[in-house]
Amino acid sequence: MLNECRISGRRRQRGLSLVELLVGVAVGLFVVAGAAMVVGTQLGESRRLLLETQLQQDLRSSADIITRELRRAGFWSQSELGVWSPTATPSPNPFATVSMPVVTEVDYTYRRGPGQEGPYGFKLDTTTGSIKTLLATAGWQDLTDPRTLRITALTITPNNTTVLPPLPCPKACPAPAGAQDCWPRLVIRSFDVTITGQAVHDSAVQRTLTTNVRLRNDNVQFDPLNPTQYCPA
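Structure report, in brief.

Analysis parameters
Residues numbered from 1 in each chain as written. Predicted model: local features only at pLDDT ≥ 70, side-chain atom pairs only at ≥ 80, totals over all residues. Heavy atoms only, no water. Phe/Tyr/Trp six-rings, centres within 6.5 Å; stacked < 30°, edge-to-face > 60°. Helix = DSSP H or I, 4+ residues; strand = E, 2+ residues; numbered from the N terminus. Buried < 20%, exposed > 50% of the residue type's maximum accessible area, 1.4 Å probe, protein only. Lys NZ or Arg CZ within 6 Å of the ring centre and 35° of its normal. Pairing = 2+ DSSP bridges. Axes fitted to C-alpha atoms, helices over the stretch in contact; angles between N-to-C directions. Core = buried A, V, L, I, M, F, W, Y, C linked by side-chain atoms within 4.5 Å. Contact = heavy atoms within 4.5 Å.

Details of the packing of aromatic side chains
Two aromatic rings, taken as a pair, are described by how far apart their centres are and by the angle between their planes.
Step number 1: As enumerated under the stated definition, the model contains four aromatic pairs in all.
Step number 2: Between Y108 and Y110, the ring centres sit 6.2 Å apart and the planes meet at 10°, which makes this aromatic pair stacked.
Step number 3: Plain terms: the ring middles of Y108 and Y120 are 6.2 Å apart, the flat faces sit at 40° to each other, and that makes the pair tilted. Here Y120 lies in strand 2 (residues 120–125) and Y108 lies in strand 1 (residues 105–108), a separation of twelve residues in the sequence. For the pair Y108 and Y120, a shared accessibility class is recorded, and that class is buried.
Step number 4: Taken together through their ring pairs, the aromatic side chains of Y108, Y110, Y120 and F122 make up a single cluster.
Step number 5: The ring of W140 has K123 sitting right over it, with the charged end atom 4.5 Å from the ring centre.

In structure tokens, the structure reads:
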């Protein structure tokens, strides 16, 4: 009889009760939910980091292209024709002008090769949210991909520095006597380029990049009363 009671008690103690099973399932669901939240957060942060990296790289690539190209503005393969001498009449640099119709556009020329003299330029297209580049007769082309990067702002600010004293001439200005105001001056040209962009797939991912472009070809500023003459005759 005693052995039968022990066997019967053991049989009653086998397995889990329904309440214990429900409690275990609930605890397991909490653990799984916590793990899922951690994984979801990590995936979201990883995605955001990838978007930030892509955005930064796209902005840097665009700034590098603008810097490299704009630095060439004013290049003239026959610049020796612009040197003054007592026996030769100098010619102004035909590629010296860098124009800015608006702060979001810059246009320039330079002699890249025979028959390759521009015009070139960069501008912000607010319709597509992209930076466009002017490739001579090919017209305006997309520099940035509006499917992945939206450019929200492009600002080009000139910073010109006039070098004093003026470049010497053999003769003084006609009036007032002995003046040097009509002598040419060397102008060092540079531009601050600021680009702001955001990721198309997440507008919260935004970056701004600023770079300075120093033109390799300095400009010679002439007498405003006689801009085609280097020195007084």
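Looking at the sheet that holds strand 10 (residues 219–221)
Step number 1: The antiparallel open sheet is built from three strands, whose spatial order is 6-7-10. Here the strands that pair on one side only, and so sit at the sheet edges, are strand 6 (161–163) and strand 10. Each neighbouring strand pair of the sheet contributes to a mean axis angle of 35°, computed without reference to strand direction.
Step number 2: Where strand 6 lies against strand 7 (residues 185–188), three bridges are found, and the strand directions are antiparallel. Following the sheet pairing, T161 is matched in strand 7 by I188.

Brief notes about the nonpolar core
Step number 1: Counting residues in hydrophobic clusters, the biggest one holds 27 residues, and the most contacted among them are L59, L70, V98, Y108, I151, I195 and L215.
Step number 2: If you list the elements that add at least two residues to this core, you get helix 2 (18–70), strand 1, strand 2, strand 5 (149–158), strand 8 (190–199) and strand 9 (202–214).
Step number 3: At six residues, helix 2 tops the list of elements feeding residues into this core.
Step number 4: Beyond its immediate sequence surroundings of up to four residues, L70 is in contact with V106, Y108, F191, V213 and L215.
Step number 5: In this structure, C173, C182, F222 and C231 belong to the second largest nonpolar core, which totals eight residues.

Some thoughts on the pairing of strand 3 (residues 130–135)
Remark: a regular strand shows side chains that alternate across the two faces of the sheet.
Step number 1: Most of strand 3 is tucked away: five of the six residues are buried.
Step number 2: In terms of strand pairing, strand 2 meets strand 3 through six bridges, oriented antiparallel. Each bridged residue has a counterpart across the sheet, and for D125 the counterpart in strand 3 is S130.
Step number 3: Hairpin connection between strand 2 and strand 3: a loop of four residues separates the two successive antiparallel strands, and G129 in this loop has a positive phi of roughly 70°.
Step number 4: Here three bridges tie strand 3 to strand 4 (residues 140–142), and the two strands are oriented antiparallel to one another. Bridge pairing in strand 4 places T133 opposite Q141.

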